[in-house]
Amino acid sequence: MAFSSHDKPALLLVDLQKGFSDLAYWGGERNNPDAERKASELLKLWREKDLPVYHIKHCSTTPVSPLRPGTSWQRDHGSCKASSRRTCNRKECE
């Protein structure tokens, strides 16, 4: 991927959390099982080029959801973790 010296594209990573791997909760197969691998490849490229990265986390208000705050499932997927230097925002929803 090539960028000119004037380009400064941002990478927006949305809902890349371990909780989406809980297939029993979500009802079976995923529509994109390679999502984390592909996002990880993009994230590596963006970090190498020191480009802006923004993480958006799904923070469920549903008591039994694996995406509710405070659960280990709510954490970032291992290969797509937010670095301490990057912006991470939360979105609260059911």
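Above this text you will find the structure in question.
Model, not experiment: these values are computed from the prediction. (Residues numbered from 1 in each chain as written. Predicted model: local features only at pLDDT ≥ 70, side-chain atom pairs only at ≥ 80, totals over all residues. Heavy atoms only, no water.)

1. Regarding the nonpolar core
Then step 1. Core analysis: the largest hydrophobic core is formed by 9 residues, namely L11, L13, L16, A39, L43, L45, W46, L51 and V53.
Then step 2. Of the residues forming this core, the biggest block, 4 residues, is contributed by helix α2 (residues 35-48). (Core = buried A, V, L, I, M, F, W, Y, C linked by side-chain atoms within 4.5 Å. Buried < 20%, exposed > 50% of the residue type's maximum accessible area, 1.4 Å probe, protein only. Helix = DSSP H or I, 4+ residues; strand = E, 2+ residues; numbered from the N terminus.)

2. Here we look at the environment of K8
Then step 1. Along the chain, K8 turns up in the segment before β1 (11-14).
Then step 2. On the accessibility criterion, K8 (57% relative accessible area) is exposed.
Then step 3. Along the sequence, K8 and D50 sit 42 residues apart, while their C-alpha atoms lie 9.4 Å from each other.
Then step 4. Beyond its immediate stretch of four places on either side in the chain, K8 contacts D50, L51 and P52. (Contact = heavy atoms within 4.5 Å.)

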